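Here is what each chain is made of, one letter per residue.
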2 protein chains.
Amino acid sequence: MSPARPDSASVAAPAARGTHATIHDVARVAGVSVASVSRVFNGRDHVRAEMRARVEQAAAQLGYVPHAGARSLSMARTGAMGVVLPDLHGEFFSELLRGMDREASRRGLGLLLTVLHDGRGLDTLAALRGQVDGLMVMAPELDPAILARHMPRGLASVFLACIPQDGSPSLRIDNRAGAAAAVAHLAAGGAKRIVHISGPAGNLDALERRAGAEAAAAAAGVALTVIEGDFHEGSGAAVGESVAAGTLEADAIFAANDMMAIGALMALKRHGVAVPGQVAIVGFDDIPLSRLVSPALTSVAIDIAAMGARAVAQLAARITAAREGFLESTSTGADETIVPHLMVRETTRETDRG
Amino acid sequence: MSPARPDSASVAAPAARGTHATIHDVARVAGVSVASVSRVFNGRDHVRAEMRARVEQAAAQLGYVPHAGARSLSMARTGAMGVVLPDLHGEFFSELLRGMDREASRRGLGLLLTVLHDGRGLDTLAALRGQVDGLMVMAPELDPAILARHMPRGLASVFLACIPQDGSPSLRIDNRAGAAAAVAHLAAGGAKRIVHISGPAGNLDALERRAGAEAAAAAAGVALTVIEGDFHEGSGAAVGESVAAGTLEADAIFAANDMMAIGALMALKRHGVAVPGQVAIVGFDDIPLSRLVSPALTSVAIDIAAMGARAVAQLAARITAAREGFLESTSTGADETIVPHLMVRETTRETDRG
DNA sequence: GCGGTTTCTGTAAGCGGTTACAAGCCCGTG
DNA sequence: CACGGGCTTGTAACCGCTTACAGAAACCGC
């Protein structure tokens, strides 16, 4: 019983049609044990040069690639992070993912995307166990209690722009400060009657932005009327129509996001209302589109991509902490607050060409 | 030796700190075998109501969730699809993912995102084996041979807008037809000297669009000058500058994508060149932004989200085909061609208000 | 030429599920 | 009351890989 040698007969069918070669096939072809093959591939342990060569040759010949699933099962590590997002549109979505990807791929991690279509999808969260090492969750519309109930236990997680659960760290946007800066800027520019187009009622960001706007308006002694929007262009356009028609009196509009601001802007333009001459406008998010509309939109800027990258970094830290055994540690991982800044453009500033 | 009964002593520590309960823990607590627990959770086999109740109760008590990795190992099915994309920006990216997600989540599948940063990332493709059931690959910039070399063998795949490998089906945009329609439209509007801002040299879409434009220009008997761009706003702006300065003579511009068209549009506007009065502009892709700039951009429209959804559907079909054993079948899965259509807006049409 | 290291390599026990197979149960019949 | 057959359930063998442990081999100084 000599150790298995490369024997042309037994090597005949290393893998069935379409099936992949396994580590055993490689071991058999190379005439070594599976442990050695594993060692060669993970390169931590000592392996003689000749053995390494034999294994690599066999692996190449068979087109062997380790099976990520099996590996993650025995190592308790998947190499992927879950991203849980609401049903986002457009630039915010892509910028966030872009930032996450930048940081994740730097660390050799994958990103598993899960979109919550207004609540549905929540039950798939639990199924992520064993498929990802941690979760980045953004669910500003969701009742924190419901969210908590659906979070898979024991999976490291980071929350974006929503209330953190069970001591997980979170990344928060200082919506109040951003909104306050916007309103203060409008007031400083001479606005007396500001209309705030808010986000949907249940949305946390929306609530905070509204609060910030109200505080700043009170401080500056200007009137603020709040109209609820839905973060989409249409609701902004509706407000623009009302203002143009005179139904709604306003010399400035502060929208809770850029799409609504742009909707309002387009509606006003369509009706020949001068922006910023008669009505000044400020948005929130500073999506790339903002500087392309004309007049270019003044907006509260958040570095969305950077936020995504930070989320990955935080989660990575939290995952390794958990692996080291500090998981129950009282240092829950620092929350981070991202402070937005005002990007002044043409909708709040008379330009040479109006 | 009765079968293990729920015994408070042995049940003491179902899971260590932070660790998940396994199917064995559930079996022990419920006093049944692991097979039964598995049956209850997969619900295919007959299980008595009382057993079901016992297991469900135990699972709930332990907060048990099946481990996706382990399950995929024994079932040879992961429930996720890999998405391989170039380093895309903006709306195209988000629309595509949006469409893919819509279809994937309808089928209960996840999306694992891998971005190719100009070539790097290719080696991670092979590592996807065992992590996804199939791959959707979009790599218009990549040499097909290099791509082929890096594709994990035996993994079902669908190619988007690039040359298919090994008989995998692909989804292609009829770039030629779209570009031809754009140029024909410009010629019909009276253009005599058209400038085409192409995409980068190695890009397949870019080449096809250029070819379509050239063919249509020849057919219509109008002059076409090609200037190479990079799909970003800046290169479009550069052309706009040249045209405004008179360095480049043109009464119409056809850009290979919308961002370059918008760049050109902004540059022309900045210099007071009338659009479409002096220069008409057509873009390609019809990203949401196109209708928001002013004048609104005429563009060749592709339903990007629909394309993403189709890719998922095709891949799903191919995966089940492979599972049924038709993997070597000569019917390689039908290629699909998506025919774009022209969306005429203000940059090629005098409007009431110019 | 022998014990003690040091450096490789193989064996086998998991990781957490699924599932073929066999065994046990319960029932209606002849 | 023995018997065949339909439901349920348990046992154990995988899925493909990592890794603790132990055995083998090579090298050391004496």
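Predicted model, so just to flag it, every value in this text is computed and none were measured.

### Comments concerning the sheet that holds strand β1 (residues 80–86) of chain A
Here we have 12 strands laid out as an open sheet, ordered β11(A)-β5(A)-β4(A)-β3(A)-β1(A)-β2(A)-β2(B)-β1(B)-β3(B)-β4(B)-β5(B)-β11(B), and mixed in their pairing. Each edge of the sheet is formed by a strand with only one pairing partner; in this case those strands are β11 (336–338) of chain A together with β11 (336–338) of chain B. Between one strand axis and the next, the sheet turns through 20° on average, direction left out of account.

### Here's the deal with the packing of helix α2 (residues 23–30) of chain B against helix α3 (residues 34–42) of chain B
Residue and element names in this part refer to chain B. Two elements in contact, α2 and α3, have axes separated by 8 Å at closest approach and are oriented at 105°. Judged on the interaxial angle alone, α3 and α2 are roughly perpendicular. Residues I23, H24, V26 and A27 of α2 form the contact with α3, whose participating residues are V34, V37 and S38.

### Topic: the relation of the copies chain A and chain B
Here chain A sits on chain B after a turn of 180° about the axis and a move of 0.0 Å along it, with an RMSD of 0.1 Å. Here the two chains are linked by the operation of a two-fold rotation axis. Using C-alpha coordinates, one finds that chain A approaches the rotation axis most closely at A:L112, a distance of 2.2 Å. A share of 100% of the interface residues of chain A reappears at the interface of chain B, consistent with the copies meeting face to face through the same patch.

### Digging into the protein's contact with DNA strand C
Surveying the vicinity of DNA strand C reveals 27 residues, the closest of which are A:S36, A:R39, A:R129, B:I23 and B:S38. Protein-adjacent atoms of DNA strand C, using a 4 Å cutoff, are sugar or phosphate at a proportion of 64%. A distance of 2.5 Å is found between a phosphate oxygen of DNA strand C and a side-chain nitrogen or oxygen belonging to A:R129. The contact in question runs from a sugar or linking oxygen of DNA strand C to an N or O atom on the side chain of B:S74, over 3.0 Å. For the surface near DNA strand C, the elements supplying multiple residues, two or more each, are α3 (34–42) and α5 (68–75) of chain A together with α3 and α5 (68–75) of chain B. Looking at the surface near DNA strand C, the element that brings in the most residues is α5(B), giving five residues. Residue classes in the surface near DNA strand C are distributed as 13 nonpolar, nine polar and five charged.

Scoring rules and cut-offs
Residues numbered from 1 in each chain as written. Chains lettered and ligands numbered in written order. Predicted model: local features only at pLDDT ≥ 70, side-chain atom pairs only at ≥ 80, totals over all residues. Heavy atoms only, no water. Pairing = 2+ DSSP bridges. Helix = DSSP H or I, 4+ residues; strand = E, 2+ residues; numbered from the N terminus. Axes fitted to C-alpha atoms, helices over the stretch in contact; angles between N-to-C directions. Parallel < 35°, antiparallel > 145°, perpendicular 65-115°, else oblique. Contact = heavy atoms within 4.5 Å. Least-squares fit on C-alpha atoms with pLDDT ≥ 70 in both. Near = heavy atom within 4 Å. Polar contact = N/O pair within 3.5 Å; in protein donor to acceptor, adjacent residues only side chain to side chain. Nonpolar A, V, L, I, M, F, W, Y, C, P; charged D, E, K, R; others polar.

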